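Report on the structure
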Amino acid sequence: MRQVRKILVIRFSSIGDIVLATPVVRCLKKHYPNAEIHFLTKSKFAQVIANNPNISKIHSFSDNLSKTIAELRAERFDFVVDLHRNLRSFRVKLALCRPSGTFPKLNLHKWWYVQTKNKSVMPNIHIVDRYFNAVAKLGVCNDKQGLDFFDTPEPDFKSPFDKYVAVVCGATYTTKQIPPENICRITENAQYNFVLLGDIKDRQRIEATGFAFGDNVYNACGETTLNQSALLVKEAEVVVTADTGLMHIAAAHGKKIVVIWGNTTPQIGMYPYMPQCEGNFVSLEKEMPCRPCSKLGYNKCPKGNLACLKNTTPNEILAAVTKMME
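Below or above, wherever it landed, is the structure these notes cover.

What follows deals with unusual backbone geometry. Residue Ser14 is bonded to the preceding Ser13 through a cis peptide linkage, with omega at -15°. Here Ser14 lies in the loop between β1 (6-10) and α1 (15-20). That bond from Arg291 to Pro292 is cis: its omega, -5°, falls within 30 degrees of zero.

Structure representation (structure tokens):
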């Protein structure tokens, strides 16, 4: 390929998926240090990569993609890296009419896996490694240095404890959220300090239990920005989380992670990606005939009991935390 001066990377959403795209961005910059790396995403997720030094320019949109496409045409990219691979990203590539690369999304494999629950239908390869198919034409390879997240601590923000366990309470879908009763029960262990992370809805779910937290708990749900939550994750001793965006931010910081799996499973290929520090996470999941019920998640458990998450007991979670503390 002729000289590469300007590259566009496309990943519209969401927090975790954008963090998972950062190794491609970093390796592009390593391979083409003089090239401009641009990133196209939805406006509400632009903050995830706002501080990434490998990105020259962020293009974002809310609803009017046509206006953004007109702006992208003016950039005259040499190559387009499609890490979303849907009709909208195809529309962008078609409009730009530039050489491009994408990756195997494995939607058929995932669909069949959800239908049959047969793990063998899923290739044993992480989505990050699949992403690198999109830049193979450029001769770019994975440096195996993991994920990136460049946070900017906000003024006057301080961590509440010197040492603590961060618990990620929220997730996009109900079938990925750690049950609030379990969150409350693990905090009864006075051996550790806990910081709870989530939004205002997570705070309401927890408060609805009527549980009274001790002095070893800081409930930050609904009180922190993404950067503040990321900083609390970064400074934690251990991070307890479900399949969430903050799980991937924790992986980017090389944290010790306890992952509680609900409707999704590690076989889908989006478990914590940390090739630079293997063994830094443990998975807690219950083998059930209904799992996985979806490759993404539901706002209500199809079975009505959320057993995949509720059956992972507070004692099991604490045992995993203690093991990671050693």
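This structure, assessed with the given rule, holds 18 salt bridges. Salt-bridge contacts for Lys234 lead to Asp151; the nearest nitrogen and oxygen are separated by 3.9 Å. Residue Lys234 is found in helix α9 (residues 226-235), and its partner Asp151 is found in the loop between α6 (127-131) and β6 (165-168); the two are separated by 83 residues along the sequence. Overall, Asp151 belongs to the buried group, its relative accessible area being 13%.

Buried within helix α4 (residues 87-96) are the following residues: Ser89, Val92, Lys93 and Leu96. For α4, the angular spread of the buried residues around the axis is 95°, confining them to a single face. Across α4 from its buried face, at more than 90 degrees, point the exposed residues Leu87 and Leu94. Of the surrounding elements, those touching the buried residues of α4 are β1, β2 (36-42), α3 (65-75), β4 (79-82) and β5 (100-101). A side-chain oxygen of the first residue of α4 lies 3.1 Å from the backbone nitrogen of Arg88; this N-cap is Asn86. Once α4 finishes, Cys97 follows within two positions and takes phi at roughly 55°, a positive value.

A few words now on the packing of aromatic side chains. Taken as a whole and judged by the stated rule, the model has six aromatic pairs. Considering the side-chain rings of Tyr271 and Phe281, the 6.2 Å spacing of their centres and the 20° angle between planes classify their relative orientation as stacked. Placement of Tyr271 in the loop between β10 (256-260) and β11 (281-284) and of Phe281 in strand β11 is noted, with a sequence separation of 10 residues between them. On the accessibility criterion, Phe281 (25% relative accessible area) is partly exposed.

Next up on the list: the sheet that holds β5. Read across the sheet, five strands follow the order β3-β2-β1-β4-β5 without closing on themselves; strand pairing throughout is parallel. Every interior strand has two partners, whereas the edge strands, β3 (57-61) and β5, have only one. Direction of pairing for β4 relative to β5: parallel, over a ladder of two bridges. Note that in β5 the partner of Val81 across the bridge is Gly101.

Where α3 contacts α4, the axes come no closer than 10 Å and their chain directions differ by 40°. By the angle between their axes, α3 is oblique relative to α4. The hand of the α3/α4 crossing is right-handed. Across from Leu65, Ser66, Ile69, Leu72 and Arg73 in α3, the residues of α4 making contact are Arg88, Arg91, Val92, Ala95 and Leu96. Each residue belonging to the contact of α3 with α4 can be placed in one class, and the counts come to six nonpolar, one polar and three charged.

What follows deals with the nonpolar core. Core analysis: the biggest nonpolar cluster contains 61 residues, and Leu28 and Val81 have the highest contact counts within it. Sorting elements by how many residues they give to this core places helix α10 (residues 245-252) first, with six residues. Those residues in contact with Leu28 that sit more than four places away from it in its chain are Ile7, Val9, Ile37, Val81, Val135, Leu138 and Val140. One finds Cys184, Ala242, Leu306 and Met324 within the second-largest nonpolar core, a separate group that totals 29 residues.

Direction vectors running N to C along α9 and α10 enclose 50°, while the axes themselves pass 9 Å from each other. Judged by the inter-axis angle, α9 sits oblique to α10. As for how α9 packs across α10, the hand of that crossing is right-handed. Facing α9, whose interface residues are Leu226, Ser229, Ala230 and Val233, α10 presents Leu246, Ile249 and Ala250.

A few words on the layout of surface pockets. Put simply, the largest pocket is a space of about 1300 Å³. Residue lining of the largest pocket: 45 residues in total, with Ser14, Ile15, Ala171, Thr172 and Gly245 positioned closest to the centre. Secondary structure elements with two or more residues in the lining of the largest pocket: α1, α5 (107-116), α8 (200-207), α9 and α10. Of the residues assigned to the lining of the largest pocket, the class counts are 15 nonpolar, 18 polar and 12 charged. Its volume calculated, the second largest pocket comes out at about 160 Å³. His126, Asp129, Lys144, Tyr271, Pro272, Tyr273, Met274, Pro275, Glu278, Gly279 and Phe281 together form the lining of the second largest pocket. Class assignment of the residues belonging to the lining of the second largest pocket gives a composition of six nonpolar, two polar and three charged.

For α10, a buried count of eight out of eight residues is recorded, marking the element as mostly surrounded by other parts of the structure. Along α10, the residues classified as buried are Gly245, Leu246, Met247, His248, Ile249, Ala250, Ala251 and Ala252. Residues of α10 that are buried make contact with α1, β6, β7 (194-197), α9, β9 (238-241) and β10. Following α10 by one or two positions, Gly254 adopts a phi angle in the positive range, close to 65°.

Conventions adopted
- Residues numbered from 1 in each chain as written.
- Predicted model: local features only at pLDDT ≥ 70, side-chain atom pairs only at ≥ 80, totals over all residues.
- Heavy atoms only, no water.
- Helix = DSSP H or I, 4+ residues; strand = E, 2+ residues; numbered from the N terminus.
- Salt bridge = Lys/Arg side-chain N within 4 Å of Asp/Glu carboxyl O.
- Buried < 20%, exposed > 50% of the residue type's maximum accessible area, 1.4 Å probe, protein only.
- Arc of directions from axis to C-beta.
- Contact = heavy atoms within 4.5 Å.
- Polar contact = N/O pair within 3.5 Å; in protein donor to acceptor, adjacent residues only side chain to side chain.
- Phe/Tyr/Trp six-rings, centres within 6.5 Å; stacked < 30°, edge-to-face > 60°.
- Pairing = 2+ DSSP bridges.
- Axes fitted to C-alpha atoms, helices over the stretch in contact; angles between N-to-C directions.
- Parallel < 35°, antiparallel > 145°, perpendicular 65-115°, else oblique.
- Left-handed = near helix turned anticlockwise from the far one by under 90°.
- Nonpolar A, V, L, I, M, F, W, Y, C, P; charged D, E, K, R; others polar.
- Core = buried A, V, L, I, M, F, W, Y, C linked by side-chain atoms within 4.5 Å.
- 1 Å grid on protein atoms, 1.4 Å probe; cavity = no way out; pocket = protein on both sides within 12 Å on 5 of 7 lines; lining within 4 Å.
- Points joined across faces, edges and corners; volume = space filled by probe spheres on them.

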